[in-house]
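Here is how the chains run, residue by residue.
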Amino acid sequence: MEMKLTIRRVPTVVSNYQDDADKPRAGCGRNCLGDCCLPVSKLPLYAFKADPAKHSQEDAASTKSLINILLTEWEDRMARGLFRYDVTACETKVIPGNLGFVAQLNEGRHLKKRPTEFRVDRVLQPFDPAKFNFTKVGQEEVLFQFENGAGDDSYFLNSASVTAVDRAPNVSPIEYGHVLLIPRVLDRLPQRIDPESFLLALQMAAEAASPYFRLGYNSLGAFATINHLHFQAYYLTVPFPVEKAATHKIPLSEDTMKSGVTVSKLLNYPVRGLVFEGGNTLNDLANVVSSACIWLQDNNVPYNVLISDCGKKIFLFPQCYAEKQALGEVSQELLDTQVNPAVWEISGHIVLKRRNDYEEASETSAWKLLAEVSLSEERFEEVKAYIFTAAGLVQADEEEVSEGKDVTYAPIPVAPLPVAEGCLVLQ
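Everything quoted here is computed from the prediction, not taken from an experiment.

A few points about the overall build of the protein chain
Line of reasoning, step 1. Helix and strand content of the protein chain: 13 helices and 18 strands.
Line of reasoning, step 2. A buried classification covers 56% of the 427 residues belonging to the protein chain.
Line of reasoning, step 3. When contacts within the protein chain are restricted to residue pairs at least 6 apart in sequence, those whose partners lie at least 24 apart make up 75%.
Line of reasoning, step 4. Put simply, the protein chain shows about 18100 Å² of open surface, and 50% of that area lies on carbon and sulfur atoms.

Some remarks on the packing of helix H7 (residues 282-298) against helix H13 (residues 377-390)
Line of reasoning, step 1. One can describe the packing of H7 onto H13 by two numbers: an axis separation of 8 Å at closest approach and a directional angle of 125 degrees. By the angle between their directions, the pair H7 and H13 is classed as oblique. The interaxial crossing formed by H7 with H13 has right-handed handedness. Facing Ser291, Ala292, Trp295 and Leu296 of H7, the residues of H13 in contact are Val383, Tyr386, Ile387 and Ala390.

Quick word on helix H12 (residues 363-371)
Line of reasoning, step 1. By the burial criterion, the buried members of H12 are Glu363, Ala366, Leu369 and Leu370. Buried residues along H12 cover an arc of 130 degrees about the axis, so they all sit on one side.
Line of reasoning, step 2. In this structure, the buried residues of H12 make contact with helix H8 (321-326), helix H9 (332-336), helix H10 (343-347) and strand S16 (349-352).

A look at the pattern of salt bridges
Line of reasoning, step 1. Taken as a whole and assessed by the stated rule, the structure comprises 21 salt bridges.
Line of reasoning, step 2. As a salt-bridge pair, Arg272 and Glu377 come within 2.8 Å of each other at their nearest N and O atoms. Of the two residues, Arg272 is situated in the loop between strand S12 (261-266) and strand S13 (274-278) and Glu377 in helix H13; the sequence distance between them amounts to 105 residues.
Line of reasoning, step 3. The class for Glu377 is partly exposed, based on a relative accessible area of 34%.
Line of reasoning, step 4. Ionic contacts of the salt-bridge type, sharing partners, join the residues Lys265, Arg272, Glu377, Glu381 and Lys384 into one network.

Description of the environment of Ala209
Line of reasoning, step 1. Looking at the secondary structure, you find Ala209 in the loop between helix H5 (195-208) and strand S9 (213-218).
Line of reasoning, step 2. Once the C-alpha coordinates of Ala209 and Leu66 are considered, the two residues, 143 residues apart in sequence, prove to be 8.6 Å apart.

Considerations on the nonpolar core
Line of reasoning, step 1. Residues Phe198, Leu215, Phe276 and Val305 are the most contacted members of the largest nonpolar core, which totals 63 residues.
Line of reasoning, step 2. Sequence-distant contacts of Phe198, defined by excluding residues within four places in its chain, comprise Ile193, Phe231, Ala286, Val289, Ser290, Val305, Ile307 and Ile314.
Line of reasoning, step 3. Among the nonpolar cores identified, the runner-up in size contains 37 residues, and Ala103, Val238, Val343 and Leu369 belong to it.

Observations concerning the packing of aromatic side chains
Line of reasoning, step 1. In this structure the tally under the stated criterion is 16 aromatic pairs.
Line of reasoning, step 2. Summarising the aromatic geometry, the rings of Tyr46 and Phe144 are spaced 6.1 Å apart at their centres and angled 40 degrees between planes, so their arrangement reads as tilted. Separated by 98 residues along the polypeptide, Tyr46 in strand S2 (residues 42-48) and Phe144 in strand S5 (residues 144-148) bring together distant segments of the chain.
Line of reasoning, step 3. Tyr46 gets classed as buried once you look at its relative accessible area, which sits at 2%.
Line of reasoning, step 4. Taken together, the aromatic side chains of Tyr46, Phe48, Phe144, Phe146 and Phe156 make up a single cluster linked through ring pairs.
Line of reasoning, step 5. Between the NZ or CZ atom of Lys93 and the centre of the ring of Tyr358, over which it lies, the distance is 4.4 Å.
Line of reasoning, step 6. Positioned over the ring face of Phe388 is Lys384, at 5.1 Å from the centre of the ring.

What about the confidence of the model for the protein chain?
Line of reasoning, step 1. When the pLDDT values of the protein chain are averaged, the result is 81; 77% of them are 70 or greater.
Line of reasoning, step 2. Low pLDDT (under 50) marks residues 400-405, which in the prediction has 2 contacts with non-local residues, meaning those over four places away or in another chain.
Line of reasoning, step 3. Confidence drops under pLDDT 50 across residues 407-427; counting only partners more than four residues distant or on other chains, this segment forms 62 contacts.

A few points about H13
Line of reasoning, step 1. Under the 1.5 Å per step criterion, the end-to-end length of H13 is 20 Å for 14 residues, consistent within 8% with the ideal 20 Å.
Line of reasoning, step 2. Considered for burial, the residues of H13 that qualify are Phe380, Val383, Lys384, Ile387 and Phe388. Looking straight down H13, one finds its buried side chains confined to an arc of 140 degrees; they lie on one side. Of the exposed residues in H13, those oriented more than 90 degrees away from the buried face are Glu378 and Thr389.
Line of reasoning, step 3. At its buried positions, H13 is contacted by S12, S13, H7 and strand S15 (313-318).

Considerations on unusual backbone geometry
Line of reasoning, step 1. Look at Arg188: it is not a glycine, yet its phi comes out positive at around 50 degrees.
Line of reasoning, step 2. Relative to the assigned elements, Arg188 resides in the loop between strand S8 (179-182) and H5.
Line of reasoning, step 3. Positive phi values are uncommon outside glycine, yet Phe223 reaches one of about 80 degrees.
Line of reasoning, step 4. Position of Phe223 relative to the elements: it lies in the loop between S9 and strand S10 (231-235).

Rules used throughout
- All residue numbers here refer to positions counted from 1 along the written sequence of the relevant chain.
- A pLDDT threshold of at least 70 governs which residues receive local features in this predicted model, and a stricter bar of 80 or more applies before side-chain atom pairs are shown or counted, although totals over entire chains, interfaces and linings include all residues.
- Remark: hydrogens and water are excluded; side-chain values derive from all non-hydrogen atoms of the structure.
- In this text, helices come from DSSP runs of H or I with a minimum length of four residues, and strands from runs of E with a minimum of two, each type numbered from the N-terminal end.
- Each residue is assigned to one of three classes by its accessible area relative to the maximum for its type, calculated with a 1.4 Å probe on protein chains only: buried under 20%, partly exposed between the two thresholds, exposed over 50%.
- Whether two residues touch is decided by their heavy atoms; if any such pair falls within 4.5 Å, the residues are in contact.
- Method for areas: the Shrake-Rupley scheme with a 1.4 Å probe, in which residue coverage is limited to the protein chains shown.
- Throughout, an axis means a line fitted to C-alpha atoms (over the contacting stretch in the case of helices), and angles, computed between N-to-C directions, take values from 0 to 180 degrees.
- Any angle that falls under 35 degrees is termed roughly parallel, while one over 145 is termed roughly antiparallel, one within 65 to 115 roughly perpendicular, and all others oblique.
- In this scheme, a crossing is called left-handed if the near helix is turned counterclockwise away from the far one by less than a right angle; it is called right-handed if the turn is clockwise.
- Arc, as used here, means the arc of the directions from the helix axis to the C-beta atoms.
- Note on definitions: salt bridges are taken to be side-chain nitrogens of Lys or Arg within 4 Å of carboxyl oxygens of Asp or Glu.
- To define a nonpolar core, start from buried Ala, Val, Leu, Ile, Met, Phe, Trp, Tyr and Cys residues and group those joined through side-chain atoms within 4.5 Å.
- Whether two aromatic rings pair depends on their centres lying within 6.5 Å, for rings of Phe, Tyr and Trp, where Trp uses its six-membered ring; planes under 30 degrees apart make the pair stacked, over 60 edge-to-face, and the rest tilted.
- Ring-over charges, as used throughout, are those where CZ of Arg or NZ of Lys falls within 6 Å of the ring centre and within 35 degrees of the ring normal.
- A score from 0 to 100, pLDDT tells how confident the predictor is in each residue.
- A helix is expected to span 1.5 Å multiplied by its residue count minus one.

Below, the structure is given as structure tokens:
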């Protein structure tokens, strides 16, 4: 039986931007995020603790927790009409099957979403100020700045001088609380991962302290639509199918394991991928995964990343769907669905554009679509070997094991937290 999902709203508060709406604006007068306006502006600031992984029950329940602030601010922007459509009106369901793919019907998103303005056959491309980028966004879209407060406690300020990192809502959302993390917005970084920005994304996930909140990254060529460095994030209170997939732990040499990072391979999932976990610190995990991403982008291999389990588990998917499209190797049936398999789709949350596709959605149809994204087994193993070298990982010899050993089924726990943060409730 299909499981229907609905959205429960959180209270909306008056935004600080409304209070200042009649005051004269500095800079170019558009109140944008460019050099003309941002340096002389003040925006809300969320400063996270030096160790975001340390949380108490009081932190989660606080009205000043990251999740509560983010969702309240997101609600405010939706109420003010900043989004291109009302995502809360979209039908969503869990498809019956072993993995529980999530299907959403969003018939207008592909028409209202910002079109891609760059080549899709190059993962690395220079930043082009003439094309759309986040410095052209109005400050009313910014939820808050996000930076390391370097102390033992996190805090939130309604108004603070601007630093380098902003959090903005995605005006073409696919789910409740869909936002963007834009590192060092004035540096105009192209869409490419570096260790510093990737660590920031992990710190965001750790500070959120909720298994319902995930971050994602799409490279160019893997359905990123804006060539300005950004991560996406949103809130969904059911497990992603990829979080429920079986994995096989890859044995690593003792020297490699000093960082505490473990690597597994996804099993019985339509898209081949690697799972990175652990690390003695968030920095250890960020360094290993960002090194893998840097090799992929430097070698023109499109990829997607899902940051899960409060920043403790990362899924990495090299992919080739756009390449297959260009070569005419994707069936017309799949092309007609107009689904672009980016990180959320690959993870199992599939946004469908046509009602008929939604009503007939099945685990078989989801699997058929996502299988086209995956590298072949041979190519995946080749890329994996290069990734390991780039990340300083040395694979140990596989030991003879009995069938089923080292295969784990470890879905992300989604037990309710002690905070009224239910965006999606089952009925």
